[in-house]
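Per-entry structural report
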Amino acid sequence: MTEIQLRALPEPLDFSTVSTALVIIDMQRDFLEPGGFGETLGNDVSLLQAAVGPCQQALAAARATGLMVIHTREGHRPDLSDAPPAKIARGAPSRRIGDPGPMGRILVRGEPGHGIIDALAPLPGEVVLDKPGKGAFHATDLEQILRNGGIDTLIICGVTTEVCVHTTIREGNDRGYRCVALADACASYFPEFHRIGLEMIAAQGGIFGWVSDASAFCDALHSAARAA
Ligand code: C5J
């Protein structure tokens, strides 16, 4: 088993391709396209486009190397039985979770808005994980999937940096996974939250993870392919 090194903060990380998964968080129309959940909350959804290209690079490299790939989708059952009333009621969105919108019912599974954007469409055999919360471990079978796959390291990208990406990294860290955020493959509606969110992960000697970027991840995987 070849160990390869990933350039990262606060320090480089040695990892193996067989025990590492790429986790792409919530790259859904509901967050990235006009008319979805993100826009109903008053956000400029175009800010999230910056993460698409770097996510594509990371995904292509992971696929070429045979890494486990996991795509998550935040959303709820059509009857909203898994949507906490406090989540539905919060804020003053123009449309609430479950309301009809231009891409179907907001943040509801099976609706067009709930789907992953075409640029990052999952391939057959890749895990698509539906999650009702912000963290990918909450009320899902992610931990079982990772344990069965022998995974100890999670390379995490997607949206939004300070909400679902952060929550998943914190959850993964507490469960013993080594979690790495790919900075340029994450994005936020709030550029300052993105920057500070990444700094928080790597501060204090990597208090709950590492921060790298898509190019460093691709370089590491290419070096693994050369060594094989
Ligand atoms: C949010 C997410 N921001 N995927 N969800 O509500 O970060």
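In what follows, the accompanying structure is described. If you're wondering where the values come from, they're calculated on a predicted model, not measured in any experiment.

Digging into the overall build of the protein
Looking only at helices and strands, the protein features eight helices and ten strands. Against the compact-globule benchmark of 17 Å for 228 residues, the protein has a radius of gyration of 17 Å, which places it among compact chains. Dimensions of the protein along its principal axes, counting C-alpha atoms only, are 50 × 35 × 30 Å. By residue count, 52% of the 228 residues in the protein fall in the buried class. For the protein, the proportion of contacts with a sequence separation of at least 24, taken over those separated by at least 6, is 73%. Carbon together with sulfur atoms contributes 53% to the accessible area of the protein, which is approximately 9700 Å² in total. Positive and negative charge centroids in the protein, built from 19 and 27 side chains respectively, lie 4 Å apart.

Here's the deal with helix 8 (residues 214–227)
A turn of α-helix holds 3.6 residues, and therefore any two residues three or four places apart point the same way. Helix length check: helix 8, at 14 residues, gives a terminal C-alpha distance of 20 Å against a target of 20 Å (1.5 Å per residue), a fit within 8%. For helix 8, the set of buried residues is Ala 214, Ala 216, Phe 217, Cys 218, Ala 220, Leu 221 and Ala 224. The opening residue of helix 8 is Asp 213, an N-cap whose side-chain oxygen sits 3.2 Å from the backbone nitrogen of Ser 215.

Overview of helix 7 (residues 191–206)
Here helix 7 spans 21 Å end to end across 16 residues, near enough to the 22 Å set by a 1.5 Å rise per residue. A bend of about 30 degrees at Met 200 is the largest found in helix 7. Along helix 7, the residues classified as buried are His 194, Gly 197, Leu 198, Ile 201 and Ala 202. In this structure, the buried residues of helix 7 make contact with helix 6 (161–174), strand 9 (178–187) and strand 10 (210–212).

A look at the side chain of Thr 168
Tracing the sequence through the fold places Thr 168 in helix 6. The class of Thr 168 is buried, set by a relative accessible area of 1%.

Focus: the site of the ligand
With respect to spatial proximity, the complete set of residues near the ligand consists of Asp 26, Phe 31, Phe 37, Glu 74, Lys 134, Val 159, Thr 160, Val 163 and Cys 164. Take Lys 134: an N or O atom from its side chain is 2.8 Å from an oxygen atom of the ligand. In the model, an oxygen atom of the ligand is placed 2.9 Å from a nitrogen or oxygen of the Thr 160 main chain. With the chains in place, 92% of the 230 Å² that the ligand exposes on its own is no longer accessible. Classifying every residue of the shell around the ligand by side-chain character gives five nonpolar, one polar and three charged.

Topic: the sheet that holds strand 10
Pairing is parallel in the open sheet, where six strands are placed in the order 7-4-3-8-9-10. Strand pairing shows two members of the sheet lacking a second neighbour, strand 7 (127–131) and strand 10, which therefore form its edges. When the angles between neighbouring strand axes are averaged without regard to direction, this sheet yields 25 degrees. Judged from the five bridges that link them, strand 3 (residues 20–25) and strand 4 (residues 68–74) form a sheet pairing that is parallel. Opposite Ile 25, over in strand 4, you have Thr 72 as the bridge partner. Taken strand by strand, helix 6 contacts strand 3, strand 4, strand 7, strand 8 (153–159) and strand 9, and its axis lies near 165 degrees from that of strand 8. The strands touched by helix 7 within the sheet are strand 9 and strand 10, with strand 9 carrying the most contacts at an inclination of about 165 degrees.

Quick notes on the packing of helix 6 against helix 7
Between helix 6 and helix 7, whose axes approach to 10 Å, the crossing angle comes to 15 degrees. When the interaxial angle is binned, helix 6 and helix 7 end up roughly parallel. When you trace helix 6 past helix 7, the crossing you get is right-handed. For the pair formed by helix 6 and helix 7, the contact residues are Thr 161, Glu 162, His 166, Ile 169 and Arg 170 on the first element and Phe 193, His 194, Gly 197, Leu 198, Met 200 and Ile 201 on the second. When the residues that make up the contact of helix 6 with helix 7 are grouped by side-chain class, the tally is five nonpolar, four polar and two charged.

What counts and how
- Residues numbered from 1 in each chain as written.
- Predicted model: local features only at pLDDT ≥ 70, side-chain atom pairs only at ≥ 80, totals over all residues.
- Heavy atoms only, no water.
- Helix = DSSP H or I, 4+ residues; strand = E, 2+ residues; numbered from the N terminus.
- Rg over C-alpha atoms; globule rule 2.2 N^0.38 Å.
- Buried < 20%, exposed > 50% of the residue type's maximum accessible area, 1.4 Å probe, protein only.
- Contact = heavy atoms within 4.5 Å.
- Areas by Shrake-Rupley, 256 points an atom, 1.4 Å probe, with all protein chains shown as cover.
- Lys, Arg positive; Asp, Glu negative; His and termini not counted.
- Charge placed at Lys NZ, Arg CZ, Asp CG, Glu CD.
- Expected span 1.5 Å × (residues − 1).
- Polar contact = N/O pair within 3.5 Å; in protein donor to acceptor, adjacent residues only side chain to side chain.
- Bend = angle between axes of the 7 residues up to and from the residue.
- Near = heavy atom within 4 Å.
- Nonpolar A, V, L, I, M, F, W, Y, C, P; charged D, E, K, R; others polar.
- Pairing = 2+ DSSP bridges.
- Axes fitted to C-alpha atoms, helices over the stretch in contact; angles between N-to-C directions.
- Parallel < 35°, antiparallel > 145°, perpendicular 65-115°, else oblique.
- Left-handed = near helix turned anticlockwise from the far one by under 90°.

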